[in-house]
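Examination of the molecular architecture
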Amino acid sequence: MNRTLSSLLLMTALLVVWSVSHSYAQRRDTLLQTYMFTVGTNACQATLSIEPMDSTAARSARMVFGTYSYNRKGVDIDLLGDTAYFINRTTMMCKLTELYADRTKVENYDSDTTGFWEIQITLDTTQKPIVSRLQGTWFSKDRKRTLPIQSQSCIGYLKIVHPRYDILIQYPVLPPPYQALQTQLQTMAQKNYTSSVQSARKDEEELAKMKKENKEYADEVFRYASYDRTSVAYLGDTLVSMVSVNYLFTGGAHGMTAQSGNNFYRSAGTANFRELQLRDLFRDLFVTPPSLAKAAKSPKDYIDVLNTILMRELRKQNAEWVKNGELKSLTKDLREGGIPFCLLQAGIAFYFNQYYAGPYAQGIFTVVVPYTTISDLVPASSPIYGLAQKK
């Protein structure tokens, strides 16, 4: 099955498959890390998952995978690792393969190898949660070019795991200057956990009632899984963005994976953050910039321009329901906050979850709209004005 492994989707899919066959104790051992680092002189960000292997003969072995992006581009590149091994209690060596999926290729949009990593990950187990640093070498696809990889900072993650139900909530622990926002994240995580436990308990009770009332359900096994992982997409002094990947399985042929974004802003010199809506970023009325004049048909506001850009990009990515005309416009959902988005270093990522723009097999579509494309829509009072003015 051809599927694009877009922003964090590869990591999510692998985590789901891995978790199904693993115990709660092993899943608690999964380590998620977000790195701010450089490849040569290029500033980058990566989120890596370090998973224990299911083998008593390889207790020092780990599986490492995730995504990274160059700050100036904001496009996710998937990382899939060979088996990694600890060479001592806190240091592991691993090799990673870069995979970039281009959905604009009509015939075949599977991932293409774009390079290789050979890195060392050193854990600081004195910290809670655990953080680490990475260093190593990036190799081009033909291995003729190399660049040094060096981490500058790392964000660790905490987990809430239910002792009986298959429920996992994971969220980042931010540096001290973001303490007010950290409190908000903890509250959000606890609410998600409570909601998931209530849903699992309700499903379990309903199944027990059905089995009691109807013998046809006597052999039915209770199945419920909910994994909610939130990671840092952008961390600035006044602007912080999170991307969440949620997997939910309540029986049937398959579970459902969804991506969403939470974007927070505070005025310079203040401690408290407020959550942003799309309307907070743009001016209502504007003169159509020359770069969009041909594509936009007399746009009235930022919604019309975003609709034009997003529909065009979804068509390029072969979104079936856009191409066949079933999905004609995004304006209503854009205006009402029905399309999740996340602020990145290079642009705004919009997520179109399963069954929104195409059938289940097409997965989640991600469209990153570069700030350079929409800078004329952004007023000086906007939280993203500084990002939008960078060339």
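What you are looking at is a predicted structure, and each value in this text was computed from that prediction instead of being measured.

**Structural notes on the overall build of the chain**
- Of regular secondary structure, the chain possesses 9 helices and 16 strands.
- Out of the 391 residues in the chain, the part that is buried amounts to 50%.
- By sequence separation, contacts in the chain at least 24 residues apart represent 54% of the contacts at least 6 residues apart.

**What about the side chain of threonine 230?**
- Looking at where threonine 230 falls in the secondary structure, it is placed in strand 10 (residues 225–235).
- Side-chain polar atoms of threonine 230 contact the side chain of serine 244, separated by 2.7 Å.
- Contacts of threonine 230, omitting those with residues within four sequence positions, involve Tyr157, Gln170, Tyr171, Pro172, Met242, Val243 and Ser244.

**Describing unusual backbone geometry**
- Geometrically, the link from lysine 128 to proline 129 is a cis peptide bond, its omega value of 0° lying close to zero.
- Secondary-structure assignment places proline 129 in the loop between strand 6 (111–124) and strand 7 (131–140).
- You will see that asparagine 318, though not glycine, has its phi angle at about 65°, which is positive.
- Relative to the assigned elements, asparagine 318 resides in the loop between helix 5 (302–316) and helix 6 (320–323).
- Despite not being glycine, tyrosine 355 shows a phi value in the positive range, around 75°.
- Within the element layout of this structure, tyrosine 355 appears in the loop between strand 15 (347–352) and strand 16 (365–370).

**Brief notes about the packing of aromatic side chains**
- Counted by the stated rule, this structure contains 12 aromatic pairs.
- Summarising the aromatic geometry, the rings of phenylalanine 341 and phenylalanine 350 are spaced 6.2 Å apart at their centres and angled 40° between planes, so their arrangement reads as tilted.
- A relative accessible area of 9% places phenylalanine 341 in the buried class.
- Phenylalanine 350 gets classed as buried once you look at its relative accessible area, which sits at 0%.
- Among the aromatic side chains, those forming a connected cluster through ring pairs are Phe37, Tyr68, Tyr70 and Trp117.
- Arginine 143 extends its terminal NZ or CZ atom over the ring of phenylalanine 116, reaching a point 4.5 Å from the ring centre.

**Some thoughts on the pattern of salt bridges**
- Considering all chains together, one arrives at 7 salt bridges under this definition.
- Arginine 312 is the salt-bridge partner of glutamate 313, the closest N and O atoms lying 3.5 Å from each other.
- A salt bridge links glutamate 336 to lysine 332, with the shortest nitrogen-to-oxygen separation between them at 3.1 Å. Of the two residues, glutamate 336 and lysine 332 both sit in helix 7 (residues 331–336), 4 residues apart, roughly one turn of that helix. Exposure class is identical for glutamate 336 and lysine 332. Each is exposed.
- Through salt bridges with shared partners, a single network forms among Arg312, Glu313 and Lys316.

**Some thoughts on helix 3 (residues 179–213)**
- Between its terminal C-alpha atoms helix 3 stretches 51 Å, which fits the 51 Å expected from 35 residues at 1.5 Å a residue.
- Among all positions of helix 3, only Leu181, Gln182, Leu185, Ala189, Tyr193, Ser196, Val197, Ala200 and Leu207 are buried.
- Its buried side turned inward, helix 3 meets strand 8 (146–161), strand 9 (166–173), strand 10, strand 11 (239–249) and strand 12 (256–265).

The rules we used
Residues numbered from 1 in each chain as written. Predicted model: local features only at pLDDT ≥ 70, side-chain atom pairs only at ≥ 80, totals over all residues. Heavy atoms only, no water. Helix = DSSP H or I, 4+ residues; strand = E, 2+ residues; numbered from the N terminus. Buried < 20%, exposed > 50% of the residue type's maximum accessible area, 1.4 Å probe, protein only. Contact = heavy atoms within 4.5 Å. Polar contact = N/O pair within 3.5 Å; in protein donor to acceptor, adjacent residues only side chain to side chain. Phe/Tyr/Trp six-rings, centres within 6.5 Å; stacked < 30°, edge-to-face > 60°. Lys NZ or Arg CZ within 6 Å of the ring centre and 35° of its normal. Salt bridge = Lys/Arg side-chain N within 4 Å of Asp/Glu carboxyl O. Expected span 1.5 Å × (residues − 1).

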